[in-house]
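Structural features, examined
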2 protein chains.
Amino acid sequence: MAQWMDSIAVNKPQPITIKEVAEEAGVSQMTVSRVLNKQKLVKESTRLKVEAAIAALNYRPNLMARSLAGGKSKLIGLAYYNPSPSYLSALLVSALKRCRDLGHHLVIEDLSDIEGDLDTSLIVKRLSSIRLNGLILAPPLSNNLTLLGLLKDMGIPVVALSFRDEESVHSSVAFDDVAAAFEMTELLIAKGHRRIGFIRGPVEHPSSLQRQAGFEKALEKHGIPVDQSLMFQGDFTFVSGLELASKMLDTASPPTAVFASNDDMAAGISAGAQRRGLKIPSELSIVGFDDTAIAAAIWPRLTTVRQPIAEMAQNAVDIISEITSRTWNGEQLHVTIDAIEIVERESLTAPK
Amino acid sequence: MAQWMDSIAVNKPQPITIKEVAEEAGVSQMTVSRVLNKQKLVKESTRLKVEAAIAALNYRPNLMARSLAGGKSKLIGLAYYNPSPSYLSALLVSALKRCRDLGHHLVIEDLSDIEGDLDTSLIVKRLSSIRLNGLILAPPLSNNLTLLGLLKDMGIPVVALSFRDEESVHSSVAFDDVAAAFEMTELLIAKGHRRIGFIRGPVEHPSSLQRQAGFEKALEKHGIPVDQSLMFQGDFTFVSGLELASKMLDTASPPTAVFASNDDMAAGISAGAQRRGLKIPSELSIVGFDDTAIAAAIWPRLTTVRQPIAEMAQNAVDIISEITSRTWNGEQLHVTIDAIEIVERESLTAPK
DNA sequence: TTGAAAGCGCTAACAA
DNA sequence: TTGTTAGCGCTTTCAA
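Keep in mind that this is a model prediction, so the values were computed, not measured.

Core analysis: the largest hydrophobic core is formed by 90 residues, its most contacted members being A:L106, A:F259, B:L106 and B:F259. If sequence neighbours within four positions are ignored, B:L106 has contacts with A:L106, A:V107, A:I108, B:I76, B:L78, B:L92, B:A95, B:L96 and B:C99. With 50 residues, the next largest nonpolar core counts A:M248, A:I298, B:L249 and B:A273 among its residues.

Written out as structure tokens, the structure is:
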């Protein structure tokens, strides 16, 4: 019995507080707080004393208290809605790494599949309890004006991924989808393809439309008419690619190449085509978009556009970190990453 | 200028506090707090009044304040170290969903690749600042005794995935890897395979050893000697599978089938074998373990063991939720999921 | 069944 | 450059 109570007692140790650090260092709590927050107005010798005390006691500030008193919680949110698994994975890994380096924590909010359509009030409910320093919104949440409005009213700084609103009420990190899709299409044409299938992503994603625009722009430039019978609508999932493969290959004159708007769908097309006995790439070339892990995990590996997801995530974290800092001037920040890179692998060759 | 200041002011709206709810309802803060925490000692009529006030004001409790005053933060941690992408993805999706349903938030801690080896002190540093209700540890963190000890000293309740320590100082959710691997191996043997390659996962993962044990047990049962030249060491990544494919197929008498300890490695083997021109499954059967997304995303699709990752994650969240509740009796909880299911797809057939 | 008081650990605003 | 005071929004403890 006594033992049992012991174990309960041990369960909740009293952590060191700022007060104890102050005593140990022989200064006031405020001075410790200043050292903690790296403020300038501390004499070097005092700072060293305080730092020594912190190290000696192995003190860790309580984020909750900090947040209550000050406002900064060191908590960054990342919200998404039905992302493709490989996009999400790339996003997470990079955001997490950056948070770790900057001493922040990432709180994930998966808003997928909430009773059919997206329920913005539920999101607001969840987000208003927890005090986030900022929120990273993945597409298609990043262009949901209702949500953006609510978040603004709540005073949560937002960084939108792959969407920039014209009024600039929130920050953004974007990529030139039009140019990237244009370049990829030119590569397909250069290889000799003329009948090119295009798998569009969900229309809620601005990127879907932009990638399509880039595709069509390249066709036009080379005098190839846009053939509506070669345009298909997917939803960024592997399964949608798989299903569209049949639909596309059942037509009277199938394309010699397919450009899917993301890697997951491209992988689906690849699996579907191979299931029907087609040789990739000799009988059908396939290219994707994103260069996520799945692009190199299937055989033949996908030729694809490298979307700088990692850089985008890192920039998003940096922006929130910047906004949270004392030196922020109130202006929203915008970053556009414009290095376009095509990763050539085995899934693309000249048509027979 | 005025406009600029306006926008800053709007940026930080004053959220409703418990005090205002109390006034609105004509009761004390304490009564509101009791209603919030679903305590029994509140008269029905008062409770209704308070709930009406909460709804009217659209009040949301401040988690930070709650945590400071009480201890419960509604924050659950999920930590991992170099997981396979598809395992991580499955884990996250399920844990996130359960957290959402239970009103918790998930804080992700990616401990991968921290300066070579795992730096437990850094983890402790990060975790002692944020006040987590509990921490879910994915393998191989879940069997790191050093880490487990530190966490216990910090008073953070832990749920270990795929590992149960004998002293039961923390909770756990596990799966019978031995039996599952045994069953899969029997299927391979039933199909007629005798020379079966085995790709073991990293030895830091108890599951790796258990899967190997199940594999060898099944061989023994059927009188097939364990051939060391058919045993290979992977690290759960796609790339390790890819590399081992060459190594394995370059041997004098290659196996007719391969059992990889997870799907990512199986996919790597598949890609590597196909790159060498091998037909899957006619010239080489491949089976995996986990039934993660990648198993169905490659062609031919993988026959694999379904590891109930989703159920395990959900159980882990439930356990922390339970431990956090006022009614917890102090005992660690343990769950073992024993439904073993083999998912048969195209990657396995009888040998030629 | 309800309320009053105290304080969780920290920082903002002011004073020295 | 440093310290003092007053809370942040909530729950605990104790009293009514």
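Having seen the structure, we can now continue with the description.
In the predicted model, chain A carries a mean pLDDT of 91, and the fraction of residues at 70 or more is 95%. Here residues 1-11 of chain A scores under 50 on pLDDT; set against residues more than four positions off or in separate chains, the count is 3 contacts.

In this complex, chain A contributes 57 residues to the contact, which on the side of chain B involves 57 residues. Buried area between chain A and chain B, both sides added, is near 5100 Å², and the carbon and sulfur share of it is 58%. Contact with chain B buries surface across chain A, with A:M64, A:R100 and A:W299 losing the most and accounting together for 15% of the total. Between the two partners, chain A and chain B, sit 0 salt bridges. One can count 16 residue pairs in polar contact (both at pLDDT 80 or more) joining chain A with chain B. Across 3 bridges, the pairing between strand β2 (residues 105-110) of chain A and strand β2 (residues 105-110) of chain B is antiparallel. Residue pairing in the sheet places A:I108 in a bridge with B:L106 of β2(B).

Before going further, it helps to spend a moment on the UniProt feature "domain: HTH lacI-type" (unreviewed entry) in chain A. When the UniProt feature table is mapped onto this chain numbering, "domain: HTH lacI-type" (unreviewed entry) sits at residues 16-70 of chain A. Summarising residues 16-70 of chain A: 67% helix, 0% strand, and an end-to-end C-alpha distance of 19 Å.

The pairing of strands in a sheet comes from backbone hydrogen bonds and takes either a parallel or an antiparallel form. All names here are of chain B. Here 6 strands make up an open sheet; going across it, the order is β7-β6-β8-β9-β10-β12 and the pairing mixed. On the outer flanks of this sheet lie β7 (231-233) and β12 (341-343), each paired with one strand and no other. When strand polarity is set aside, the average angle formed by the axes of neighbouring strands in this sheet is 20°. Bridging between strand β6 (residues 196-200) and strand β8 (residues 257-260) involves 4 bridges; their strand directions are parallel. Its bridge partner lying in β8, F198 is registered against F259. Its contacts with the sheet place helix α10 (residues 206-221) against β6, β7, β8 and β9 (285-290), and it is angled at close to 165° to β6. The strands that helix α11 (residues 238-249) touches are β6, β7 and β8; relative to β7, the one it contacts most, it runs at about 150°.

This paragraph deals with the protein's contact with DNA strand C. Around DNA strand C, the surrounding shell holds 27 residues, and the nearest of these are A:I18, A:Y59, B:T31, B:R34 and B:T46. In the interface set of DNA strand C, defined as its atoms within 4 Å of the protein, sugar plus phosphate atoms amount to 62%. Note that a phosphate oxygen of DNA strand C is positioned 2.6 Å from one of the side-chain N or O atoms of A:S33. Note that a phosphate oxygen of DNA strand C is positioned 2.4 Å from one of the side-chain N or O atoms of B:T46. Counting only elements with at least two residues in the surface near DNA strand C, the list comes to α3 (29-36) and α5 (63-69) of chain A together with α3 (29-36) and α5 (63-69) of chain B. Split by residue class, the surface near DNA strand C holds 13 nonpolar, 9 polar and 5 charged.

Lining the immediate environment of DNA strand D, one finds 26 residues, of which A:T31, A:R34, A:T46, B:I18 and B:Y59 sit closest. Restricting attention to atoms of DNA strand D within 4 Å of the protein, one finds that 62% of them are sugar or phosphate atoms. Backbone polar atom of A:L68 to a base oxygen of DNA strand D: 3.4 Å apart, as the coordinates give it. Between a phosphate oxygen of DNA strand D and a side-chain N or O atom of B:S33, the distance comes to 2.6 Å. For the surface near DNA strand D, the secondary structure elements donating two or more residues are α3 and α5 of chain A together with α3 and α5 of chain B. If one sorts the elements of the surface near DNA strand D by residue count, α5(B) sits on top with 4 residues.

Thresholds, definitions, all that
- Residues numbered from 1 in each chain as written.
- Chains lettered and ligands numbered in written order.
- Predicted model: local features only at pLDDT ≥ 70, side-chain atom pairs only at ≥ 80, totals over all residues.
- Heavy atoms only, no water.
- Core = buried A, V, L, I, M, F, W, Y, C linked by side-chain atoms within 4.5 Å.
- Buried < 20%, exposed > 50% of the residue type's maximum accessible area, 1.4 Å probe, protein only.
- Contact = heavy atoms within 4.5 Å.
- pLDDT = per-residue confidence, 0-100.
- Buried area = accessible area lost by both parts, 1.4 Å probe.
- Salt bridge = Lys/Arg side-chain N within 4 Å of Asp/Glu carboxyl O.
- Polar contact = N/O pair within 3.5 Å; in protein donor to acceptor, adjacent residues only side chain to side chain.
- Pairing = 2+ DSSP bridges.
- Helix = DSSP H or I, 4+ residues; strand = E, 2+ residues; numbered from the N terminus.
- UniProt positions renumbered as here; feature names shortened; annotations may be inferred.
- Axes fitted to C-alpha atoms, helices over the stretch in contact; angles between N-to-C directions.
- Near = heavy atom within 4 Å.
- Nonpolar A, V, L, I, M, F, W, Y, C, P; charged D, E, K, R; others polar.

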